[in-house]
Amino acid sequence: MLWSDPKNQPPKFLRDMQAMLRRTGVLLALAMVVAMFVVNAR
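Residues numbered from 1 in each chain as written. Predicted model: local features only at pLDDT ≥ 70, side-chain atom pairs only at ≥ 80, totals over all residues. Heavy atoms only, no water.

A. Structural view of the overall build of the protein. When you go through the protein residue by residue, the secondary structure sums to one helix and zero strands. Seen through its principal axes, the protein has C-alpha atoms that stretch 60 × 20 × 5 Å. Here the protein, with 42 residues, has 0% of them falling under the buried criterion. Here the protein has roughly 4,500 Å² of accessible surface; of this, 70% comes from carbon and sulfur atoms. (Helix = DSSP H or I, 4+ residues; strand = E, 2+ residues; numbered from the N terminus. Buried < 20%, exposed > 50% of the residue type's maximum accessible area, 1.4 Å probe, protein only. Areas by Shrake-Rupley, 256 points an atom, 1.4 Å probe, with all protein chains shown as cover.)

B. Seen up close, the UniProt feature "transmembrane region" (unreviewed entry) in the protein. UniProt's feature table lists "transmembrane region" (unreviewed entry) at residues 20–39, given in the numbering used throughout. The span residues 20–39 shows a helical share of 100% and a strand share of 0%, and its end C-alpha atoms are spaced 28 Å apart. (UniProt positions renumbered as here; feature names shortened; annotations may be inferred.)

C. Geometry of the pattern of salt bridges. For the coordinates displayed, the defined rule picks out one salt bridge. Between Lys-12 and Asp-16 there is a salt bridge, and its shortest N-O distance comes to 3.0 Å. With Lys-12 and Asp-16 both in helix H1 (residues 12–41), this residue pair falls four residues apart, about one helical turn. (Salt bridge = Lys/Arg side-chain N within 4 Å of Asp/Glu carboxyl O.)

Here's what the structure looks like:
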């Protein structure tokens, strides 16, 4: 690999979409944990 080779990075919109999907996954996981606590508390 040469120093002049282009960087192997996806375009900006793809990186933004990956970050958004990662945040959505974390939020969904947290929502599931909270829902399990609420259902258990009844």
